[in-house]
Amino acid sequence: MHMKSAPHLLTEDRPEYERILDDALRHAHERPDLAAVGERLNAVQLRTMALDATALITATAATEYEHYVKARQELRGPVEGAGEDSDVGPGTGRQNRSGAGIGAVVTVLAPVLAGTAAFIFLLAGYLLKLLSQPPSFASTMVTAGWFFAAVTAAAILAAAIGLLITALRNGSASQPSEDAEDELPEDVARAREAWRHALLERGILPFLRDALADPEAGRASRTPHRSANRIPKVGYSRPDFTSPDEGPAAGPRPTFTSPDFTSPDFGGPEHEPD
């Protein structure tokens, strides 16, 4: 893992981040600067905002987190990547996995094979005994059949015990004890506590205070590009269009009458026009 830049929060550490956040919200009433929880924003809203801003909040404790991750990797290193001089060789893991695989196959196949053999030997032995003159090996086959039946029962019992032990072992491994933190080496425990303290004091608490003081700022920190795209609503009034001042009011519009057409004054043929 390269540590040149601030490391992102690993998946295994996200539950720890959420626990610190939940603890801060649970005891918010004990802090005067967080007394406004529930007035503008409630705990659920603040938690959602803080989870959305995980990258921004965890960046405030990047140095402590980097140191914590390095210390944890050094602790896991000898187990995960053992060298030639260590007691655990490079091929030990593969040998253990192959051994576990063979054991599982034997555990599954042993009852099946033994049960099949018991059925064949018992069936054949008792059928031979039904003959008028049973052969001498009929009793031997019946004895072998009962032997394989006992092996089948023992194999089934061993498989059940093995499955129970495996289930208990996996259950204990998947649910770490509450004192697992105390079992960490001192340097890893100190690095973890330093990261927790820095994350709470420099990241979570300032974010919650800013969100309570200005909820819009908290939402903007969740989505940095949202505030840039917010355009204030501008109201436009209807323009007041008026006609230009053309002087005094015009008089009444002229009316039109049809023209008075009259015929020319024609006389008789004897009258010529002048």
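Our subject in this report is the structure included herewith. As the structure is a prediction and not an experimental result, all values here were calculated from the model. (Residues numbered from 1 in each chain as written. Predicted model: local features only at pLDDT ≥ 70, side-chain atom pairs only at ≥ 80, totals over all residues. Heavy atoms only, no water.)

## Comments concerning the layout of surface pockets
Thought 1: For the second largest pocket, the calculated volume is near 300 Å³.
Thought 2: Considering the residues around the second largest pocket, the lining is formed by twelve residues, among which Ala104, Thr107, Gly162, Leu163 and Thr166 are closest to the centre.
Thought 3: Listed by contribution, the elements that provide at least two residues to the lining of the second largest pocket are α5 (92–129) and α6 (138–174).
Thought 4: The element best represented in the lining of the second largest pocket is α6, accounting for seven residues.
Thought 5: Broken down by class, the residue content of the lining of the second largest pocket amounts to six nonpolar, five polar and one charged. (1 Å grid on protein atoms, 1.4 Å probe; cavity = no way out; pocket = protein on both sides within 12 Å on 5 of 7 lines; lining within 4 Å. Points joined across faces, edges and corners; volume = space filled by probe spheres on them. Helix = DSSP H or I, 4+ residues; strand = E, 2+ residues; numbered from the N terminus. Nonpolar A, V, L, I, M, F, W, Y, C, P; charged D, E, K, R; others polar.)

## Here's the deal with the packing of aromatic side chains
Thought 1: Scanning the model with the defined rule gives four aromatic pairs in all.
Thought 2: Relative to Phe148, the ring of Phe121 has its centre 5.6 Å away and its plane inclined at 10 degrees; by these criteria the two rings are stacked. Within this pair, whereas Phe121 is found in helix α5, its partner Phe148 is found in helix α6, the two being separated by 27 residues in sequence.
Thought 3: Relative accessible area serves as the criterion here: at 27%, Phe148 is assigned to the partly exposed category.
Thought 4: A centroid spacing of 5.6 Å and a plane angle of 70 degrees characterise the contact between Phe147 and Phe148, whose relative ring orientation is edge-to-face.
Thought 5: An aromatic cluster of three or more residues is present, and its members are Tyr65, Tyr68 and Trp195. (Phe/Tyr/Trp six-rings, centres within 6.5 Å; stacked < 30°, edge-to-face > 60°. Buried < 20%, exposed > 50% of the residue type's maximum accessible area, 1.4 Å probe, protein only.)

## Side note on the side chain of Asp13
Thought 1: One can find Asp13 in the segment before α1 (14–26).
Thought 2: Only 2.7 Å separates the side chain of Asp13 from the side chain of Arg72, close enough to count as a polar contact.
Thought 3: Setting aside chain neighbours within four positions, we find Asp13 in contact with Tyr65, Tyr68, Arg72 and Trp195. (Polar contact = N/O pair within 3.5 Å; in protein donor to acceptor, adjacent residues only side chain to side chain. Contact = heavy atoms within 4.5 Å.)

## Structural notes on the nonpolar core
Thought 1: Formed by 31 residues in total, the largest nonpolar core has its most connected members in Tyr17, Leu46, Ile57, Leu199, Ile204, Phe207 and Leu208.
Thought 2: At twelve residues, helix α7 (residues 186–213) tops the list of elements feeding residues into this core.
Thought 3: Those residues in contact with Leu208 that lie beyond four places of it in its chain are Ala24, Leu25, Leu34 and Leu46. (Core = buried A, V, L, I, M, F, W, Y, C linked by side-chain atoms within 4.5 Å.)

## Observations concerning the packing of helix α2 (residues 43–52) against α7
Thought 1: Their axes nearest at 11 Å, the elements α2 and α7 cross at an angle of 125 degrees. With respect to α7, the element α2 is oriented oblique. When you trace α2 past α7, the crossing you get is right-handed. Within the contact between the two elements, α2 uses Leu46, Met49 and Ala50 and α7 uses Phe207, Leu208, Ala211 and Leu212.
Thought 2: In terms of residue class, the contact of α2 with α7 is made up of seven nonpolar, no polar and no charged. (Axes fitted to C-alpha atoms, helices over the stretch in contact; angles between N-to-C directions. Parallel < 35°, antiparallel > 145°, perpendicular 65-115°, else oblique. Left-handed = near helix turned anticlockwise from the far one by under 90°.)

## Structural notes on α7
Thought 1: With 28 residues, α7 ought to run about 40 Å at 1.5 Å a step, and its terminal C-alpha atoms sit 39 Å apart, in line with that.
Thought 2: Residue Leu200 marks the point of greatest curvature in α7, where the axis turns by about 35 degrees. (Expected span 1.5 Å × (residues − 1). Bend = angle between axes of the 7 residues up to and from the residue.)

## Details of the environment of Ala149
Thought 1: Position of Ala149 relative to the elements: it lies in helix α6.
Thought 2: Taking relative accessible area as the criterion, Ala149 reaches 26% and is therefore assigned partly exposed.
Thought 3: Between the C-alpha atom of Ala149 and that of Gly115, which follows or precedes it by 34 residues, the distance is 6.0 Å.

## Observations regarding the packing of α1 against α2
Thought 1: Between α1 and α2, the shortest axis-to-axis distance is 11 Å and the interhelical angle comes to 150 degrees. Crossing of α1 against α2: the hand is right-handed. Along the contact surface, α1 presents Arg14, Tyr17, Glu18, Leu21, Asp22 and Leu25, while α2 presents Ala43, Leu46, Arg47, Ala50 and Leu51.
Thought 2: Looking at the contact of α1 with α2 residue by residue, the classes come out as seven nonpolar, no polar and four charged.

## A short note on the pattern of salt bridges
Thought 1: Under the criterion given, the structure shown has 15 salt bridges.
Thought 2: Among the ionic pairs, Asp22 bridges to Arg47, the shortest N-O distance being 2.6 Å. Of this pair, Asp22 sits in helix α1 while Arg47 sits in helix α2; the two residues are 25 residues apart in sequence, bridging distant segments of the chain.
Thought 3: For Asp22, a relative accessible area of 23% corresponds to the partly exposed category. (Salt bridge = Lys/Arg side-chain N within 4 Å of Asp/Glu carboxyl O.)

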